Amino acid sequence: MKEVGKIVKELKKLAWGVALIGLAIAGMYWTLGSRSAAERAIDFVDFIGLHPRECTLCGRFRRAVASRDLDKAEKIFQELQSWETAYNAKEEKRCAKRLKGWPKDKFPRPFRPILSCASPQAGAILYEKKGEWSAALFYLDEAVKINAQVNDGLIDRFDAFKGEDVRPTRARVHYKVGDYANAFVDFCDLAPPSILDPAALSAALPRCIDDCFTTYDDFLQFMETQYLKLGRPEEYREAMDAYRTLNKVGT
């Protein structure tokens, strides 16, 4: 009888193993549809819980933008928004529970919600590519608000865009929409901190003229014109000196 019991026990384990494998395979086909082999592999790992959902969605979004499939990118962006809203609501509720009784104005707080904040930056990227400037600026403003909350210690964040600078996008969009005064200020904000460091100066070049100016001379002429219109204010002198120096070191 003991031997029969052992056999039954082993058969049950085998049955559970087969069932779990079958469920995983079924889930793979249910969630992946007609995607590419690479996307199928990535989403399968996501489906069985070995890869954060946010990372999967942001990876798919970046690949769609890189391939210029903006319709697909927009669908993924909407999926990211839905997932992020639900996730963040749960996280804020969890944090509020832990902070119950803690004064709202008392800092530093022992716990802060750790939120996914990818969708505003994804939205800015998407709608700049689509030429929908109002939508791009809306999401850029949302990204700036989130960064302010992080800096003020109100929230922590995790996402694929954490640490990425939204300022170059703001500068480009303000320029493209014809808001040259704000574009000038944005570009000044992007100027390298030292005009004595050729490497820093050279690194600044692509951010300044990408998608906006044919040559660096065109960019510098734009900056000089706006600087003159403002009466050459002292607060922008260092930035202008940096960009003029960049023009002299081999652009």
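Check the entry above for the structure.
Not measured: the values here are computed from a predicted model.

### As for the overall build of the protein chain
Piece 1. When its secondary structure is counted, the protein chain shows eleven helices and two strands.
Piece 2. Each helix and strand of the protein chain, ordered N terminal to C terminal, gives the series α-α-α-α-β-α-α-β-α-α-α-α-α.
Piece 3. Counting every position in the protein chain, which comprises 251 residues, the buried fraction comes to 35%.
Piece 4. Here the contacts in the protein chain between residues at least 6 apart in sequence split such that 59% fall between residues at least 24 apart.

### Regarding the side chain of R157
Piece 1. Checked against the element boundaries, R157 lands in strand β2 (residues 156–157).
Piece 2. For R157, the side chain forms a polar contact with the main-chain oxygen of C117, separated by 3.3 Å.
Piece 3. Sequence-distant contacts of R157, that is, excluding residues within four places in its chain, are made with L115, C117, Q121, I146, N147, V150 and K162.

### Description of the side chain of R172
Piece 1. Relative to the helices and strands, R172 resides in helix α7 (residues 167–176).
Piece 2. Engagement of the side chain of R172 in a polar contact is seen with the side chain of E128, the distance being 2.8 Å.
Piece 3. If near-sequence neighbours (up to four positions away) are discounted, R172 is found in contact with E128, D210, D211 and C212.

### Description of the environment of K75
Piece 1. Here K75 is to be found in helix α4 (residues 70–98).
Piece 2. The exposure class of K75 is exposed, given its relative accessible area of 62%.
Piece 3. Considering only alpha carbons, one finds K75 and F61, 14 residues apart in sequence, at a separation of 8.8 Å.

### Remarks on unusual backbone geometry
Piece 1. Look at R68: it is not a glycine, yet its phi comes out positive at around 65°.
Piece 2. Relative to the assigned elements, R68 resides in the loop between α3 (53–66) and α4.

### Re the nonpolar core
Burial of nonpolar side chains together is a common tendency in soluble globular proteins.
Piece 1. Counting residues in hydrophobic clusters, the biggest one holds 23 residues, and the most contacted among them are F187, F213, F219, M223 and Y243.
Piece 2. Of all the secondary-structure elements, those providing two or more residues to this core are α7, α8 (180–189), α10 (216–229) and α11 (237–248).
Piece 3. In terms of residues, this core owes the most to one element, α10, which gives six residues.
Piece 4. Within the second largest apolar cluster, 22 residues are counted, among which are L80, A118, Y127 and L140.

Procedures and definitions
Residues numbered from 1 in each chain as written. Predicted model: local features only at pLDDT ≥ 70, side-chain atom pairs only at ≥ 80, totals over all residues. Heavy atoms only, no water. Helix = DSSP H or I, 4+ residues; strand = E, 2+ residues; numbered from the N terminus. Buried < 20%, exposed > 50% of the residue type's maximum accessible area, 1.4 Å probe, protein only. Contact = heavy atoms within 4.5 Å. Polar contact = N/O pair within 3.5 Å; in protein donor to acceptor, adjacent residues only side chain to side chain. Core = buried A, V, L, I, M, F, W, Y, C linked by side-chain atoms within 4.5 Å.

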